[in-house]
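Letter by letter, the chains look like this.
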Amino acid sequence: MLRKIKANIPSGCAVIALAGLLLSAGIWGYTIVRVRDEAANAVNSEIERNDILTFALEEQTARIVNNIDQLLLIVKDQAERPGTPIDLQRLVAAGIIDVQLHAFIAVVNADGDMFASTQRNTLINLKERDDFKQHLRNANNRLLIGKPHIGRITGRPTIQFSRRINRPNGDFGGMVAIGIDPRFFLQLYDKPRLNRGDIVALVAQDGIALARSTPERASFGQEVGNPALFRQFNAAPGIGLHTMATIDGIARFISSRKLADYDLIVAVGSSEDDIEAKAWRTSLKYYGVAGLETVLLWLFCGMLMVIVMRQRRSEMRIRNQASLLDKAQDAIIVRTLKDHKIVYWNKGAERLYGWSAEEALGQEITYLLTGDHGASESATNAAAGNGEWRGEIVQRHKNGSLFTVEGHWTLVSGEADEPESIFEINTNISHRKIAERKIQHLAYYDSVTGLPNRTYLQDRLSNALERSARTGHPGALLLIDLDNFKTLNDTLGHEQGDLLLQEVAARLQANARRIDTVARLGGDEFVLMLEDLSEQEQTAGSQVNTVGEKILNALSQPYELAGLLHHTSASIGITLFYNKEDQVSDLLKRADMAMYQAKAAGRNAMRFFNPSMQSSVARRAALEADLRDALKRDEFTMHYQPQVDCHGRITGAEALVRWRHPRHGLIAPAEFIPLAEDSGLIFPLGLWVLETACAQLAAWASDPLSNCLTMSVNVSARQFQHAHFVSILLSVLQQTGANPLRLKLELTESLFVTDMEIAAAKMSTLKAQGVEFSLDDFGTGYSSLSYLKRLPLNQLKIDQSFVRDILTDSNDSAIAIMIVALARSLGLEVIAEGVETAEQRNFLLEHGCPLYQGYLFSAPVPIDQFRELLATDFTHKI
C-alpha cells in the first residue's frame, strides 16, 4: 500500500485528505445527532431524578409523620382512659418523646384549657385555635395537620399535629397536640443535593407549603402560588404526578407524590433553564471531544503524509500516537528486549505504578516493577519465545507495596523484522483478587466469629478420618451448644449476641492445640475436633474428658458485654472416631445426640455418645409411624380451655388437641406437633381439629348456656399456607353447620414473615364469611405495626411468657401494657393467656385487658368437664 502511495505522492496525499474529510464529516454528523439526543435525555434524566427523590422524600416524610401519629395515639389512649394520670415528663425521661424533635406536646380538655404539657408552667387556653374547633365539630378521629404558625407555647415556628380525645360516651373530650418545628422538615429536604433552580416542598391539601426549600433559601407557610398546579397535585394518582409548571416566575419540571395515609404532598421541581444549561454544557463537551477527535484525525492523516513523503516509519508512528495511548486506563509500557530499558510509559502506567514518565524512561524494568523475579523472567522468556504472553503476575508500586496485574505482553519487531522490544499492557486486578479471596473466605469461614464453618469442618473431618485410619490414633468430635443463648440474644439484641459468640470462639481457640480445629456450625453451636489422641481407648477418653472440663470451665466464666457482666454455660456432646469407615454425617449426629443428653442432665455438662442414645432416635421414628395411624385408630381427643371476661363470664373456649397413645399414654403436643409439621401429617391432623371444633361449635348453638360462646382454633403456618385451606375450611363450616361468626382462628406471627400478601388475601376471604382472627403469641416474634394495620385481625393475644412475670419484671409489664394500648388504638380485642393468679388478672384489668385464659379459671378439660364449667361462677376469682 505504502509503495503504491509513494509511487504517486500527490495522489496518495489527496486520498489521505479525502479520507480525513469523510471521517471528519462522520465525526461531526455523529456528534450533532448525539447532542440532539442528549438534550432530550437531559429532560428525561432530570424527571427520573425528581421521581426518585420524590419517592425517597415521600417514604421519609411518611415515616416521620407515622411516628408522630403513633405518639399521639399513645398519649390519646392515656387521656381517654378514666382515672389514668397523664405524665408526659415520664415519656420524655423514657425517651419516647424527643424534645429535640417535638417542640411541645400538650393535652387540652373540652374547654380548650391545656392541662398537661411538656413545656413546664405553660398552661393556656386554645379554644380559639382552628384545629381545636375542627376537632370539636368533627368526630372522625383523623390526624389533623395545621398550618405553620408562631407557637404561643414555644414562640417558635410550629406545625401542629393533633388528634381528637373522646369521652367514654363518644362526646368531645379535648385534643392532644404535638408541635413540630418546620425547620426539621427543611433540614430533611436540604439533604439532597439541589441545583440552583431546584425546589423541594411539603404541601398540605389546602395548598399551603408546610416546608419549602431551594438552594438560596428555605421557607414555610406560603401558598403554592399556582392554583392550577395545586389542583393537579390533588388529582394525581398514587404513583405521582409529572408536569410542567411555573413557580416563582420560573418554569420548572415538577414531580409530586401524595402520602398514602396523610393529606400531604411531596413535590420536587427542576428549573427548565438549569436543564437547558446542563444540556448545553454536555453539548460543549461533545463538541470539544469532536474537535479533539478531528484534530487527532488530521494529525494522523498528516503523519501518514509524512510517512509517504519522508519514509519515516516506526519511531514517528509511536511518537505521534503516544497521546492516544495516554488516554488508555491500562498501563502501557514498551521496553527493549536486549537490556529491558523502558522506552515508553503512558499515563496509565503513571497511575498504576506511581512513577512518572520522567522517572521511568531509561530505567531497567526489573528495578522498578518486579515483585517476583522468577515469574517475571519466565513471562519475559515466554513472550520472546512465543511472540506473546498472557497471565497474572505480581508487581511492585513506587511505595513498595505489591499487587497483582493481568498482563498481555507482545513481541515487537523492527524494520529488519528482528525482535527489538516488548509491548506490555498491564491491568490492575488487585480488587478482583481481594473479592475472590473474600468469596473464598465467606464460603469456608463464619462471618461472625471468623471460625471455619460447617463446609470447612466437613472437609477437615474427612481428612482427619483418613489420618486416623493411617496412623491408628483416634480423634474426637466435641459438639458445644451454649445454654440459654436465645434468651440473651432476645433480651440484649443480636449485636450483643454476636459479641458473646465471638468471645466464646476466642475461649475455644485458647483451649485448643494447633493441630485441633475449632468451627462454628451455626446459631450457638460450635465444634472442637481433636486429633492424634492416644491409641488406648481409655486413655483417649481421659484426654478428651480433660479438654471438655477445661472448655466447660472456660465458657462458664463471666462475659463482659457492653460494660455489663453476663453468665452462660455450655452443654457438650462427645464422640470418638477411629477410621475412614465412619461417616461425617453420622459423627455429627452422634455428637448431637450426646449433647442433648448433656442438656437433659441439667446443662453445663458433657456426655459421651453411646449406642443407647439411638433409642431416642428410634422412638421418634416409631412415634412418627404411630402418628400416621393415630387418626385411623381414633387416638386424638379434644380438650377445651375457657376464656373468661372481667365479670367472670365464660365467653368462649380454645380447642386444644391431645394424643392418647395406646402404649406411651398421654403425649404432650410439644412432642407430636413438630413431628406432624416435619412429616406433613399436620394437614390431616389440622383438618380433624377443624372438623371436631366446628362440630362442637354447632352443638353449642342449641344449648342456652353455650350458644353465645366462640371457639378459638390454632392453625399452624404450614397448614394455613396450604393452597386450598380457604375452600377446605368453608366446606367444614358448611358440613358441620357451625356459625362462622363464632369461629376464631389463632395464627402466629411466623405466618407473616413471608407471603404476607397471600396470607392477607386468604384472611380477607374468610373474614367476608364471618370468620374472625386472633394473633397468637403477639410480641414474641416478628412484631410489626405494618402487618397489624394491613391484616383483618380481630384480636391480639398477650403471650404467657409476658404474663408469667408481669408483676415482677418491669420489661414484661411494660410490653403487656403497650400491647393493650396498641390494641385499643387499632380497635382490636385483647386477651391474655397463662393467667394463673388473681393478682395477674387484676393488673391486666387495671391496664385495660378485659379477657383472660389460664389455670386461674381452669386447665384444658374434656368436653364433659367443660359443660360443668359453664355453670361455674368465677366471680370469686375476680
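Everything here concerns the structure above.
Residues numbered from 1 in each chain as written. Predicted model: local features only at pLDDT ≥ 70, side-chain atom pairs only at ≥ 80, totals over all residues. Heavy atoms only, no water.

Right, let's talk about the sheet that holds strand β16 (residues 388-396) for a bit. The five strands are arranged β15-β14-β18-β17-β16 in an open sheet whose pairing can be described as antiparallel. For this open sheet the edge positions go to β15 (342-345) and β16, each flanked by a neighbour on one side alone. Averaged over all pairs of adjacent strands, the angle between strand axes in this sheet comes to 25 degrees, irrespective of strand direction. The pairing of strand β14 (residues 331-336) with β15 spans three bridges and is classified as antiparallel. Note on β15: the bridge partner recorded for Ile-333 is Trp-345. Helix α13 (residues 373-386) rests against β14, β16, β17 (402-413) and β18 (419-428) of the sheet, and its axis sits at about 160 degrees to β16. (Pairing = 2+ DSSP bridges. Helix = DSSP H or I, 4+ residues; strand = E, 2+ residues; numbered from the N terminus. Axes fitted to C-alpha atoms, helices over the stretch in contact; angles between N-to-C directions. Contact = heavy atoms within 4.5 Å.)

All right, on to empty space enclosed by the protein then. Inspection of the entire model under this criterion finds three cavities of 30 Å³ or more. Quantified by volume, the second largest cavity comes out at close to 80 Å³. For the second largest cavity, the full set of lining residues is Arg-335, Ile-365, Leu-369, Thr-370, Gly-371, Ser-376, Thr-380, Ile-393, Val-394, Gln-395, Trp-409 and Glu-424. Here the lining of the second largest cavity takes three residues from β16, the largest share from any one element. When grouped by side-chain class, the residues that make up the lining of the second largest cavity number five nonpolar, five polar and two charged. (1 Å grid on protein atoms, 1.4 Å probe; cavity = no way out; pocket = protein on both sides within 12 Å on 5 of 7 lines; lining within 4 Å. Points joined across faces, edges and corners; volume = space filled by probe spheres on them. Nonpolar A, V, L, I, M, F, W, Y, C, P; charged D, E, K, R; others polar.)

Its 19 residues place the ends of helix α22 (residues 682-700) 26 Å apart at the C-alpha level, agreeing with the 27 Å of an ideal helix rising 1.5 Å per residue. Restricting attention to buried positions, one finds in α22 the residues Ile-682, Leu-685, Gly-686, Trp-688, Val-689, Leu-690, Ala-693, Cys-694, Gln-696, Leu-697 and Trp-700. (Expected span 1.5 Å × (residues − 1). Buried < 20%, exposed > 50% of the residue type's maximum accessible area, 1.4 Å probe, protein only.)

Below, the discussion takes up the sheet that holds strand β20 (residues 517-522). The five strands lie next to each other as β20-β21-β19-β24-β25, forming an open sheet whose pairing is mixed. Both outer strands of the open sheet, β20 and β25 (606-608), are each paired with one neighbouring strand and no more. In this sheet, neighbouring strand axes are inclined to one another by 20 degrees on average, regardless of whether the strands run parallel or antiparallel. Strand direction decides the pairing type here: β20 and strand β21 (residues 525-530), joined by five bridges, are antiparallel. Within β21, the position partnered with Thr-517 by the bridge is Met-529. Helix α15 (residues 454-471) rests against β19 (475-482), β20, β21 and β24 (570-577) of the sheet, and its axis sits at about 135 degrees to β20.

Another point: the packing of aromatic side chains. Enumeration over the complete set of coordinates arrives at 16 aromatic pairs. Relative to Phe-172, the ring of Phe-132 has its centre 5.4 Å away and its plane inclined at 80 degrees; by these criteria the two rings are edge-to-face. Taken as a pair, Phe-132 in helix α4 (residues 130-137) and Phe-172 in strand β6 (residues 172-180) lie far apart in primary sequence, 40 residues in all. Using a relative accessible area of 3% as the deciding quantity, one classes Phe-132 as buried. Overall, Phe-172 belongs to the buried group, its relative accessible area being 8%. Among the aromatic side chains, those forming a connected cluster through ring pairs are Phe-636, Trp-659, Phe-672 and Trp-688. The ring of Trp-409 has Arg-335 sitting right over it, with the charged end atom 5.0 Å from the ring centre. (Phe/Tyr/Trp six-rings, centres within 6.5 Å; stacked < 30°, edge-to-face > 60°. Lys NZ or Arg CZ within 6 Å of the ring centre and 35° of its normal.)

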